Amino acid sequence: PETVERIIDTVQSSWRVANDIEITLEANPTSVEIEKFQGFRVAGVNRISLGVQAMNNDDLKFFGREHSVDEALKAIDIARTYFERYSFDLIYARPEQMLKAWEEELRKAVKHANGHMSLYQLTIERNTPFYMRHSRGEFSIPDDVKGAEFYHLTQDILEDAGLPAYEVSNHAEQGAECRHNMIYWQMADYIGVGAGAHGRFMMGADKYASRDHSAPEIWLERVMENGHGSHPFEKLTAEDRFFESMMMGLRLRDGISIA
């Protein structure tokens, strides 16, 4: 919490900050992080996003998570105590998962929601332990057809619960959308600070992309040497901006203006 407070104080001393600013912190529902919730609230955080991922202990173990379902539910209860707004995420189309089991799990999870949930379909990314295990045939995930069935079931349940999708993987009551995510998808300016962070911002009449060094130790070394850990800024062409606007805008329920 002390580190978070220093970051927030630095931001507030460097930029003009709106009185109703939303400050979201991502946290894991482990007992260690739960104990810090009050400290995060005092530091200035007013919205928390919990990486629950599953409400099934076997699948949490498969994902390598350090929390149990009981800890996740406890974290949600404590988040409700300290934060006006909170969200949590779940992953679906997991190995061997059945539609009926996902329906039961999701209906149970919705009862703990507070106006926002993120639901991600499991994907296997290259250069990850999951990718190696998947390549060796240690597990399989639903194919595209079955994956679509999981997706549509998810939409139906969340719509019925008053949490329609405002973006491919994010659901919210009207007015409860995550503000920082909307900045990315609507191509507004944002500054990324930290190992692997990306940014997009206007300087004069041009838009630039920033990218910080990915390796934490190199990033920190550059900060100590130069005061920042960023690669040189890259000026975006009109074609770049068009492509990114299309790609991001099509993620949103509102879509994009054809004009």
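Residues numbered from 1 in each chain as written. Predicted model: local features only at pLDDT ≥ 70, side-chain atom pairs only at ≥ 80, totals over all residues. Heavy atoms only, no water.

(A) Spotlight on the side chain of Glu 244. Turning to its location among the elements, Glu 244 is positioned in helix 11 (residues 238–249). When sequence neighbours within four positions are dropped, the list of residues in contact with Glu 244 reads Met 187, Arg 200 and Leu 236. (Helix = DSSP H or I, 4+ residues; strand = E, 2+ residues; numbered from the N terminus. Contact = heavy atoms within 4.5 Å.)

(B) Quick look at helix 8 (residues 144–160). In a regular helix each residue adds 1.5 Å, so 17 residues correspond to 24 Å; helix 8 covers 24 Å between its end C-alpha atoms and thus fits that length. Taken together, the buried positions of helix 8 are Gly 147, Phe 150, Leu 153, Thr 154, Gln 155, Ile 157 and Leu 158. Against strand 3 (85–92), helix 6 (99–110), strand 4 (116–121), strand 5 (165–167) and strand 6 (170–172) lie the buried residues of helix 8. Of the residues trailing helix 8, Gly 162 is marked for its positive phi of about 80 degrees. (Expected span 1.5 Å × (residues − 1). Buried < 20%, exposed > 50% of the residue type's maximum accessible area, 1.4 Å probe, protein only.)

(C) Up close: the sheet that holds strand 3. Strand order in the open sheet formed by 6 strands is 1-2-3-4-6-5, and the pairing between neighbours is mixed. The outermost strands of the open sheet, each flanked by one partner alone, are strand 1 (24–27) and strand 5. This sheet shows a mean twist of 25 degrees between the axes of neighbouring strands, independent of strand direction. Relative to strand 6, strand 4 runs antiparallel, the two sharing 3 bridges. Within strand 6, the residue paired with His 116 across the bridge is Ala 172. Relative to strand 2 (residues 47–53), helix 5 (residues 69–82) is tilted by about 170 degrees, and along the sheet it contacts strand 2 and strand 3. Where helix 8 meets the sheet, it contacts strand 3, strand 4, strand 5 and strand 6, and its direction lies at approximately 170 degrees from that of strand 4. (Pairing = 2+ DSSP bridges. Axes fitted to C-alpha atoms, helices over the stretch in contact; angles between N-to-C directions.)

(D) Inspection of the pairing of strand 3 at higher detail. With respect to burial, strand 3 is a largely interior element, 7 of its 8 residues being buried. Pairing of strand 2 with strand 3, which is carried by 5 bridges, proceeds in the parallel orientation. Bridge pairing in strand 3 links Gln 53 to Leu 90. With 5 bridges connecting them, strand 3 and strand 4 associate as parallel partners. Opposite Asp 89, over in strand 4, you have Ser 118 as the bridge partner. Since strand 3 and strand 4 lie parallel, the crossover through helix 6 that links them has a hand, and here it is right-handed. (Right-handed = clockwise from strand over helix to strand, strands pointing away.)

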